[in-house]
Structures are given as structure tokens and as C-alpha cells.
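# Observations on the three-dimensional arrangement
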There are 2 protein chains.
Amino acid sequence: MAREPVNETAARSKSQHAYHSLKERIAAEELTPGHRLVLASVANELGMSVVPVREAIRRLEAEGLVTFERNVGARVSMIDDSQYRHSMETLAILEGAATALAARHLTADDVRQARELNRRLIASLEHFDPRLFTSLNHRFHSVLFAACPNPRMLALVESEWVRLGHLRDSTFSFVPGRAQESVREHEILLGLIEAGAPLADIERAARSHRSATLAAYLSHEHPDEAPGEPGVPTAP
Amino acid sequence: MAREPVNETAARSKSQHAYHSLKERIAAEELTPGHRLVLASVANELGMSVVPVREAIRRLEAEGLVTFERNVGARVSMIDDSQYRHSMETLAILEGAATALAARHLTADDVRQARELNRRLIASLEHFDPRLFTSLNHRFHSVLFAACPNPRMLALVESEWVRLGHLRDSTFSFVPGRAQESVREHEILLGLIEAGAPLADIERAARSHRSATLAAYLSHEHPDEAPGEPGVPTAP
DNA sequence: GACGGCCGATTCGTATACGATTTCACCGGC
DNA sequence: GCCGGTGAAATCGTATACGAATCGGCCGTC
């Protein structure tokens, strides 16, 4: 996850330190969406001046993790409903493609590991914990797309996961039924991969899987909304 | 294109100004890949101190337009062959999806405009100018995916175009035959859209179109390389 | 009592300053 | 002649300082 070279002398610049520190705290939900990031305060907490903090925030801003308003300041990005939908749709496409591209590069061990994770997902259904489920779910999918030989695509997929942030768990807390369905789809996906199914089929399955999660979320949040176009042009 | 609010008083901060200025100069190939960006020099040219320049460069760094090495400095990112391939592959997927998602939202005028651009592309084949061809080509595709209702996807597609930067023209300069084929595929794509073809077909056509450009580039640059997997899991 | 303007506190934006690190040319020894 | 050390120049990293913009509350007026 750490892209910076890990110098043995731990010589991360303060700017880098601020960046990683903020990013972690956002990922850990210690800084929740909407939380205001005051430059001077952050600088104090981290024991540095504002300059490195500003740079860190610029990077986070470019990644979409924080929003910045001139002369007003930065705050942790809120993902509203509409953004959530758009990000999920994008992730469906990217992750679907990445999973397909990775399929032929998966080792038997990878598949075994994915199966094990899905087993744990199934087991977790007993005493359902959205947080745990989401974490395992991420790890499951990570195993499947990590072998994608296109690093650019991997970076985008990961960035989209981060963007969705903790909001993603809410789907499973809101729509519990989706979890059961989800693990079944995981098995199907694994089956396709093991069987060496056409990449198009794998891509379609992976994409639909995520789209279904999005649909579950939407139909729960906006039950009135017309189903309209599914957004995913899978063949009929 | 400008995401910053256009204040009537033109009150862009220096940091923003530096960012846009550098980005434009990179896009215009005034700053070519590998070009070193010395903070003090850039600051002088723009009539500001180094602090805003640093922030601008952080943003560009996060976008992948410049690479930054600690205690060494920034330089305009070089896209090597492998990155070019990966970005094109990613763009094929993203643009294909965006084009499909946009298809149902295109007005008759949009289609007319796209046709007109393709006409100009065809006309330009007479006295072939890779630069002009690339520019028109970008505009053609922009018309087709701009109506995509997913802003996140649009942002990623645009960012990928920028990333490829001027390198993208090289395909058409290196493999002149590809240009003719390309405009024919444009017509086919337009036909599908006008006919209200299934979104899956449109997506497949748009994706294959770009993949073919990539393949043309690769087969010219690396004629020895085995064709291997096409990378695009289109149904047989 | 409501509204609008004024003022101070807060916070951002940028310049300047200076120590730290890298780079590279030069030079003496092997 | 080649190699490794040494110093200065270039450049980066960060702290500090101060002007500018924003926001919220207070006060006077209607």
C-alpha cells in the first residue's frame, strides 16, 4: 500500500508523513466525512509547520479524499448519494475489467485463498458484522484482481475503493439480504475463473456482482426511483 | 475543462495559476516528458514564490503528470512503452463504458456533430497530419462520451487522455494505415448508436476501436511480440 | 423586534529565510 | 589512466512572518 520507498532510515519527509497520517486517519474513520481540517491545528498535532500540511492536503485533494475551498479550508470529502452511485458504477466497470484481466494469472493458491476468504464471509453471516463483512469482502476481491498485469488499472481500482471509503459498508448494513446473495455470486465467479471461462463472461460476472450491490443499495435508499437503465450493458 | 469556479474578478490563487499554467504547458508539449521543473525557476517565470509552485506540483504529481523525487525535484512524467500500453488498455475500458453510458443521452445534434468531425477526419487523410488527426479524433470521441451521466467516469476518461498526452498522436504517425481503419470504425460506432443498438454492442465496439489502435501501435513498435491475449474480453 | 453594517477573531495565501541534501566537477593517490 | 574523496553550487524542505479573506457576533438604526 505504501508507494513511497521505505528507506531504512525512515527518512520520510514531513510532507509525506502528513499525507500518510491524514490518509490513514481518514481510512480509519477517525476523521469522518465533513470533518474540517484546519492547517494550523493539523500542523501542531503532527509537530510541523503548515507548509508540509498544505502539500499533503493538495495531494489528498487531487485524490478526491478531501475537498478544498479557497480561503475557507479543507474538509474530509463527503460522498453524497449521487457520488456513491457514480463511484460504484465506475468501480463495477474497472473492477470487472481488472478481474477479467487477472483471471488468467491467478495461481491455484490465489484461488484457494479466495475460497478461504469466501468461507469466512459465509461464516460471518451467522453473527453479521457489516464492518467485518466489508473488510473480508475487500480482501476477497483484492485477491481476484491483484494479479491484473495492468498496474494503471490496479491503481484506479484501489483508488476507487478508498474513495468509497467506509460508505461501502453501509450497503451491507442497510440491505442485509444482499450479503447472502453476494457470497453466492462469489462462488459463481470463482467457478468461472477456475473453469477458464471466457474473459468476457468473467468480466460480466464481476461487473454484475458489484452492480447488484449498488442496485440493492439504491432500491433500499430510493425505493421510489424507477429502475430505468441498469447502467451495465451486459448482454441480454 | 476548467473545474475552478470562474470568478468574474479572475481571482485564481497563485497556486491555482501555477497548476493550470504548468498543465497547459505540458499539454501543449512546451514542456516535454523528462523536462526538469526547478521550483525556483518556475516560480520566477510565473512571478511568485516557490510555495504555490510546490503545491501545484503536488497536485500534478498526484495526477501522474509529473514525477517527484525527494530532494531531487520534479520532472514531467515520461510515459514509457509499458505505461503507454497500460494506459491505452485502461482507456479502452473506461472510454468504452463511458461511450455506452452516454449513447442513450446523445441528441441528434450530437450525432450530427460527431459525423461532421468524422468527415473532417476523412478529409484530413488527404494531406495527413498526425497532430490534426489526433486533435479531431479526440474531439470526435469527446462528443460521444461527454453525455455520459457519470461525472466520475468522465473525469477518469479525461484524465487518461491527458496522461497519454502527446504520445497518443504517435500511433497515427507511426502506423498511417490505422487512420483509415479508424475512421471506418467511427462510422460503424455512429451507426450502432443511431440504431439504438444494445449498450453492450456499443461498449464492445468502442472498446475494440481503441484496443485496435493500441494493437496497431504495439505491432509496429514490437513486431516480435507474440499477439497473446487481446486483453479485451469481447465475446467471440 | 428585525435588519444591515461594522469589527474582531480565525484561518488561509504567499513571501522570505535558512538549514539540509544532492549533484557534479575537480583533484590527488594508486 | 582510473578511482574515490572533497568541496562548492544548485536545489530542495521547512519554519516563520505577515497581509488578505472569511465568518460570526455585536451594535445601532429603523
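A brief look at the structure comes next. Since the structure is predicted, the reported quantities are computational estimates derived from the model, not experimental observations.

About the cut-offs
Position labels on residues start from 1 in each chain and follow its written sequence. The lettering of chains begins at A and the numbering of ligands begins at 1, in the order of writing. pLDDT decides what is reported in this predicted model: residues at 70 or higher carry local features, side-chain atom pairs at 80 or more are listed and counted, and totals for whole chains, interfaces and linings draw on all residues regardless. No hydrogens and no water enter the side-chain calculation; it runs on all heavy atoms of the structure. Only DSSP runs of H or I covering at least 4 residues are called helices, and only runs of E covering at least 2 are called strands; the numbering of each starts at the N terminus. Each residue is placed in one exposure class: buried if its accessible area under a 1.4 Å probe, protein chains only, is under 20% of its type's maximum, exposed if it is over 50%, and partly exposed if it falls in between. In this analysis, two residues are considered to be in contact whenever any of their non-hydrogen atoms come within 4.5 Å of each other. Only the protein chains shown count as cover for residues, and the accessible areas themselves come from Shrake-Rupley with a 1.4 Å probe. Note that patches include only residues with greater than 30% relative accessible area and no salt bridge, and the join distances are 9 Å for like charges and 5 Å for nonpolar side chains (Val, Leu, Ile, Met, Phe, Trp, Tyr). We count a salt bridge whenever a side-chain nitrogen from Lys or Arg sits within 4 Å of a carboxyl oxygen from Asp or Glu. We call a residue near a given molecule or strand whenever any one of its heavy atoms falls within 4 Å of it. Two N or O atoms count as a polar contact when they lie within 3.5 Å, although within protein this holds only if one can serve as hydrogen donor and the other as acceptor, and sequence-adjacent residues are included solely when both atoms are side-chain atoms. Superposing copies: least-squares fit, C-alpha atoms only, residues required to have pLDDT of at least 70 in both. Geometry is summarised by axes, namely lines fitted to C-alpha atoms with helices restricted to the contacting stretch, and by angles between N-to-C directions that run from 0 to 180 degrees. With respect to orientation, any angle under 35 degrees is reported as roughly parallel, any angle over 145 as roughly antiparallel, any angle of 65 to 115 as roughly perpendicular, and every other angle as oblique. Should the near helix be turned anticlockwise from the far one by less than a right angle, the crossing is termed left-handed; should it be turned clockwise, right-handed. Residues are sorted three ways: Asp, Glu, Lys and Arg are charged, Ala, Val, Leu, Ile, Met, Phe, Trp, Tyr, Cys and Pro are nonpolar, and all the rest, Gly among them, are polar.

### A look at the overall build of chain A
Looking only at helices and strands, chain A has 10 helices and 3 strands in total. Of the regular secondary structure in chain A, the N- to C-terminal order runs α-β-α-α-β-β-α-α-α-α-α-α-α. Within the span of chain A, comprising 236 residues, buried residues form 49% of the whole. Put simply, 73% of the contacts in chain A that link residues at least 6 apart link residues at least 24 apart. Accessible surface, chain A as shown: approximately 11,100 Å² in total, 54% of it carbon and sulfur.

### Quick word on a nonpolar patch on the surface
Residues Val50 and Val51 of chain A together with Val50 and Val51 of chain B make up a contiguous nonpolar surface patch of about 240 Å² in total accessible area. When contributions to the nonpolar patch are tallied by element, the ones reaching two or more residues are helix H3 (50-63) of chain A together with helix H3 (50-63) of chain B. As for its placement among the helices and strands, Val51 of chain A is situated in helix H3.

### Quick word on the protein's contact with DNA strand D
As a structural note, the neighbourhood of DNA strand D is formed by 19 residues, with Lys14, Ser49 and Asn71 of chain A together with Arg54 and Asn71 of chain B the closest of them. Counting only the atoms of DNA strand D within 4 Å of the protein, the fraction contributed by sugar and phosphate is 86%. The contact in question runs from a phosphate oxygen of DNA strand D to an N or O atom on the backbone of Lys14 of chain A, over 2.5 Å. Between DNA strand D and Asn71 of chain A, the relevant distance is 3.2 Å, taken from a sugar or linking oxygen to a side-chain nitrogen or oxygen of the residue. Of all the elements in the fold, those that place two or more residues in the surface near DNA strand D are helix H1 (14-27) and H3 of chain A together with strand E1 (36-37) of chain B.

### Considering the relation of the copies chain A and chain B
Mapping chain A onto chain B calls for a rotation angle of 180 degrees and an axial translation of 0.0 Å; the resulting RMSD is 0.1 Å. Read as a symmetry element, the transformation amounts to a two-fold axis. A share of 100% of the interface residues of chain A reappears at the interface of chain B, consistent with the copies meeting face to face through the same patch.

### Digging into the packing of helix H5 (residues 108-124) of chain A against helix H6 (residues 130-146) of chain A
In helix packing, the relevant descriptors are the interaxial angle and the interaxial distance, both defined with respect to the helix axes. All names here are of chain A. Their axes nearest at 9 Å, the elements H5 and H6 cross at an angle of 165 degrees. Taken together, the axis directions place H5 and H6 in an arrangement best described as roughly antiparallel. Both H5 and H6 take part in a crossing whose hand is left-handed. On the side of H5, the interface is formed by Asp110, Gln113, Ala114, Leu117, Asn118, Arg120, Leu121 and Ser124, while H6 contributes Leu132, Phe133, Leu136, Asn137, Arg139, Phe140, Val143 and Leu144. Here the residues of the contact of H5 with H6 are counted per class, giving 9 nonpolar, 4 polar and 3 charged.

### Considering the interface of chain A and chain B
Contacts between chain A and chain B engage 41 residues on the former and 41 residues on the latter. On the surface where chain A and chain B come into contact, there are 8 salt bridges. The partner of Glu203 of chain A in a salt bridge is Arg207 of chain B, with the nearest N and O atoms 2.7 Å apart. Across the contact surface, chain A and chain B share 16 residue pairs in polar contact (both at pLDDT 80 or more). For the side of chain A that touches chain B, the secondary-structure elements that each account for two or more residues are H1, H3, helix H4 (81-103), helix H7 (151-164) and helix H10 (199-221) of chain A. Broken down by element, the side of chain A that touches chain B gets its largest block of residues, 9 residues, from H4 of chain A. Residue classes in the side of chain A that touches chain B are distributed as 15 nonpolar, 11 polar and 15 charged.

### Brief notes about the packing of H7 of chain A against helix H7 (residues 151-164) of chain B
Running from N to C, H7 of chain A and H7 of chain B cross one another at 145 degrees; their axes reach a closest spacing of 13 Å. Classified by chirality, the crossing of H7 of chain B by H7 of chain A is right-handed. Only Arg152, Leu156, Ser159, Glu160 and Arg163 of chain B of H7 of chain B make contact with H7 of chain A, whose side of the interface consists of Arg152, Leu156, Ser159, Glu160 and Arg163 of chain A. Here the contact of H7 of chain A with H7 of chain B is composed, by residue class, of 2 nonpolar, 2 polar and 6 charged.

### Concerning the protein's contact with DNA strand C
The local shell around DNA strand C holds 19 residues, among which Arg54 and Asn71 of chain A together with Lys14, Ser49 and Asn71 of chain B are the closest. For DNA strand C, the fraction of atoms within 4 Å of the protein that belong to sugar or phosphate moieties is 86%. In the environment of DNA strand C, a phosphate oxygen lies 2.4 Å from a nitrogen or oxygen atom belonging to the backbone of Lys14 of chain B. Here Ser49 of chain B contributes a backbone N or O atom positioned 2.4 Å from a phosphate oxygen of DNA strand C. Secondary structure elements with two or more residues in the surface near DNA strand C: strand E1 (36-37) of chain A together with helix H1 (14-27) and H3 of chain B.

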